[in-house]
Amino acid sequence: MLCYEDFFDGKNTGKPYRGWEDQAGDYMLAVDMAFLAVPECVKADSSARTALLKATGHIAEREEASAREGIFLPAEHIAEAFGLSGFEKFCMFLALLPELDGKYERAYGQLHDNTSQALATVGLASRLYRLLWELPAGGVLMPSRVFFKYILEDIKENSSVSRLSRIIRLSDKVFDFLTARDSENSFPEYGLRLEFPSNLPTLYLGEEIQDKICSILDSLSEDARAGKTALCLYGPSGAGKRLHVRHAARHINMPVLWCDASVLKKQINNTVDIAKNIIFYSILYKAILCLYNFELLEGGDENAASHVLSRLADNVDALFILSSREWRPESGSTAYTTIALPIDIPGGEKRIELWRRLAEGAMLDPCVDLTELSNKFNFTPGMIERAIREAISEARAAGEAVGSGMLYKACIRQSSNGLESKASRLKPAFAWEDLILPIEQKNMLLDACNHIKYRHVVLDRWGFDKKLPYGRGLSILFYGPPGTGKTMGAQVLANELGLEIYRIDLSQMVSKYIGETEKNLKEVFDEASNTSAILFFDEADALFGKRGEVRDSHDRYANMETSYLLQKMEEHEGITVLATNLLQNFDEAYRRRFKFMIHFPMPDQSTRRRLWEEVFPKRLPLGPDVDLDFMAERFEISGSSVKNIAVAASFLAAAEGRCVEMKHMMKALKNELAKAGKVVVRQDLGGYGDLL
């Protein structure tokens, strides 16, 4: 006779479970009783039924006690999260037991009358469940689609097998959760990571955006008729998109399930399994889903983004999308209504205030000017925070206060990006005293520097930002003959502002293939969008020299390329400098697009005299016969040619072991002019003709 007391001692009746092992142990005992009761069931043995009902009552009482005490039981959590029935929860335990004790494989085989069938089936589960819970005979107990899809392993079975013969085997994910093996909250194979937002950094900016996000989420939870919604937060890296999601998740008291779209892209041909895993974890942890790096899904297959979302729409009602750019799906391509919210780089006064707040508590040297840093570096909140943190670490290691130099170096490191693959970084080695220009041009260059230093005053404090149609950047045109100091002027600008400078050779950007030039330029500006580096576009004549009257399609596309560059320069938040040898390539409409146009003229005689005086280092041995007045008066050459002649003459003198003499100057002069196609005869050299 089957006796309840032979299995359960009664000591724990009504007491909460101590954990999953305790609960699984009671299910083992109940199933053991059911095994013995199977033959007696046919005889309708009343003692067996009584014993079985006491066993299931014992389990129910302990589960209720656990719930009252707030004890976490993985099986109860799964059942509640996925809405499983009592039968489905029993099926889950029936599938778990062989994983814990091999005797159940043999027992299942005996009940199947097939020892090779070591796993439970739907039919066996239904048979045992009816015994334990005294359900009436007849009818079929069948798990739901949700149970088969998310709880069980996807086993490929013969289509001729009946539903009752379907094997019940837990998926690895469910088994790990039931047995507390997934405590890491990270599932890298699926690009997923779970976060329970707490102790969040203060949201210094974008309070109005956060209020709007929370309002949308509240309305979705209150209105059962609300449709599926995707909140797209877009903006540059470090702008605070993830912090907004964390604050919003804390507001609705939900964890965040982060999903890296770069991992999804690698598995884009397997979207069914991808979506299944994402949905499983979002349901299991009752988490708000957030797809980040979403712009990566837009490259290549145009439908990749919509395809992934269409798979998620079955079970995910609301989610976040984080992207560097706005994403709006084509009409009808997804079930989600997309709400796009920009998370921009803070400008002007807001960015200055952010620097001050994030630097609170840091031991700053009194000379540190946070306003100047804010104006020079077009940084996101994340970049500002990292720069300050790195400077503080450097200062602590040196046992000093945080100085301007430390902060500048930290800011430069934040600006490092992919620009070096598309441009050449110049070392700004020249200062104001090295640049020999007419005073008018020097003053214009100084005015350009002041545009950056004081733009927070003019644009933000005085309100001009609302009256300007384009960005807050500065576009400058340097024009003049070759060798007159345009590149040096750009380096002086970078040195004065303490910024990096990248040289982009436009002749290398221009492509004969339609659309490629614009693509190359877009990549440069995209890479530069989060930096404060100066973009110095050299060889502009390679692009602007092609512009002219439209005679065919090539002329039309050349004009389009030129307009595209000027448009990107206007939109850019930083500094762009364009250098050209031929101003006539720029008509009036194009010239208006530049805030400054600075002429670098050929030096006159007095300027050439200064150039010759400054070109030789103080340590260089200069012979008494070197006639700088003659060089300045007789030869109308550029500053670049002056430098080339001086360097070449110095090498000639060094080879002879002598100081630099006029004969070295004459030979170097002749070679330099020959490069320009000019033939030098003795008469041109005056009294120094005999030196050649």
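What counts, and where the lines are drawn
Residues numbered from 1 in each chain as written. Predicted model: local features only at pLDDT ≥ 70, side-chain atom pairs only at ≥ 80, totals over all residues. Heavy atoms only, no water. Phe/Tyr/Trp six-rings, centres within 6.5 Å; stacked < 30°, edge-to-face > 60°. Helix = DSSP H or I, 4+ residues; strand = E, 2+ residues; numbered from the N terminus. Buried < 20%, exposed > 50% of the residue type's maximum accessible area, 1.4 Å probe, protein only. Lys NZ or Arg CZ within 6 Å of the ring centre and 35° of its normal. Pairing = 2+ DSSP bridges. Axes fitted to C-alpha atoms, helices over the stretch in contact; angles between N-to-C directions. Contact = heavy atoms within 4.5 Å. Disulfide = S-S within 2.5 Å. 1 Å grid on protein atoms, 1.4 Å probe; cavity = no way out; pocket = protein on both sides within 12 Å on 5 of 7 lines; lining within 4 Å. Points joined across faces, edges and corners; volume = space filled by probe spheres on them. Nonpolar A, V, L, I, M, F, W, Y, C, P; charged D, E, K, R; others polar. Domains from an automatic or database assignment. pLDDT = per-residue confidence, 0-100. Salt bridge = Lys/Arg side-chain N within 4 Å of Asp/Glu carboxyl O.

### Things to note about the packing of aromatic side chains
Item 1. Scanning all chains against the criterion turns up 21 aromatic pairs.
Item 2. For the ring pair Phe 82 and Tyr 150, a centre distance of 6.0 Å and an interplane angle of 35° mean the geometry is tilted. With Phe 82 in helix α3 (residues 74–82) and Tyr 150 in helix α7 (residues 145–151), the pair connects residues that are 68 residues apart, well separated along the chain.
Item 3. By relative accessible area, which is 3% here, Tyr 150 ends up buried.
Item 4. Between the aromatic rings of Phe 478 and Phe 600, the centroid separation amounts to 4.8 Å while the plane-to-plane angle is 55°, which identifies the pairing as tilted. Of this pair, Phe 478 sits in strand β9 (residues 474–479) while Phe 600 sits in the loop between β13 (596–599) and α26 (605–615), placing them 122 residues apart in sequence.
Item 5. An aromatic cluster is defined as three or more aromatic residues linked by ring pairs; in this entry it consists of Phe 72, Phe 82, Tyr 150, Phe 177, Phe 280, Tyr 281 and Tyr 285.
Item 6. Sitting over the ring of Phe 148, Arg 166 keeps its end group 3.9 Å from the ring centre.
Item 7. Against the face of Phe 280 rests Lys 173, its NZ or CZ located 5.2 Å from the ring centre.

### Considerations on the sheet that holds β9
Item 1. If you walk across this open sheet you meet the six strands as β8-β10-β11-β12-β9-β13, and the pairing is mixed. A strand with exactly one partner marks an edge of an open sheet, and here the two such strands are β8 (424–426) and β13. With strand direction ignored, the average angle separating the axes of adjacent strands in the sheet is 25°.
Item 2. Summarising the sheet, β9 and β13 pair through four bridges and their orientation is parallel. The residue of β13 that forms the bridge with Leu 477 is Met 597.
Item 3. Contacts from helix α18 (residues 439–453) reach β9, β12 (575–580) and β13 within the one sheet, and its direction differs from that of β13 by about 150°.
Item 4. Its contacts with the sheet put helix α22 (residues 516–528) on β10 (501–505), β11 (534–538) and β12, and the angle it makes with β11 is roughly 160°.

### Quick notes on the state of the cysteines
Item 1. Here the structure, examined in full by the defined rule, presents zero disulfides.
Item 2. Sulfur of Cys 259: no disulfide; nearest cysteine sulfur belongs to Cys 290 and is 8.9 Å away.

### Some points on empty space enclosed by the protein
Item 1. Taken as a whole and judged by the stated rule, the model has four cavities of 30 Å³ or more.
Item 2. Of the voids in this model, the largest cavity is the one considered here, and its volume is about 50 Å³.
Item 3. Around the largest cavity sit Asn 375, Lys 376, Asn 378, Ile 452, Arg 455, Leu 499, Ser 532, Glu 573, Gly 574 and Ile 575, which together line it.
Item 4. In terms of residue class, the lining of the largest cavity is built from three nonpolar, four polar and three charged.
Item 5. Both of domain 3 (348–414) and domain 4 (439–599) provide at least three residues apiece to the lining of the largest cavity.

### Considering the pairing of strand β2 (residues 192–195)
Item 1. Looking at chain direction, strand β1 (residues 186–187) and β2 are connected through two bridges and run antiparallel. The residue of β2 that forms the bridge with Phe 187 is Leu 192.
Item 2. Counted along the chain from β1 to the antiparallel partner β2, the turn is four residues long, and its residue Gly 191 has a positive phi close to 70°.
Item 3. One ladder, built from four bridges, connects β2 with strand β4 (residues 256–260); its direction is antiparallel. Bridge pairing in β4 links Glu 195 to Val 256.

### Focus on helix α5 (residues 103–111)
Item 1. When we look at burial in α5, the residues that qualify are Tyr 104, Ala 107, Tyr 108 and Gly 109.
Item 2. Just past α5, the residue Asp 113 takes up positive phi, approximately 55°.

### Considerations on the confidence of the model for the protein
Item 1. When pLDDT is averaged across the protein, the result is 85; 92% of the residues are at 70 or more.
Item 2. In this model, residues 547–555 is a region of pLDDT below 50 whose contacts with residues beyond four sequence positions or in other chains number nine contacts.

### Focus on the layout of surface pockets
Item 1. Its volume calculated, the second largest pocket comes out at about 840 Å³.
Item 2. In this structure, the second largest pocket is lined by 33 residues; those nearest its centre are Gly 483, Gly 485, Met 488, Gly 639 and Ser 640.
Item 3. Elements with a contribution of two residues or more to the lining of the second largest pocket: α20 (486–497), β12, α26 and α28 (639–656).
Item 4. Looking at the lining of the second largest pocket residue by residue, the class counts come to 15 nonpolar, nine polar and nine charged.
Item 5. Three or more residues apiece are contributed to the lining of the second largest pocket by two domains, here domain 4 (439–599) and domain 5 (605–688).

### Some details on the pattern of salt bridges
Item 1. Using the criterion set out here, one finds 26 salt bridges in the structure.
Item 2. The shortest N-O distance in the salt bridge between Asp 32 and Lys 103 comes to 3.3 Å. Pair noted here: Asp 32 is in helix α1 (residues 20–42) and Lys 103 is in helix α5, with a separation of 71 residues, a long-range link.
Item 3. Put simply, Lys 286 and Glu 80 hold a salt bridge, and the shortest N to O gap is 2.3 Å. Of this pair, Lys 286 sits in the loop between α12 (271–284) and β5 (288–292) while Glu 80 sits in helix α3, and the two are 206 residues apart along the sequence.
Item 4. Its relative accessible area of 39% is what places Lys 286 among the partly exposed residues.

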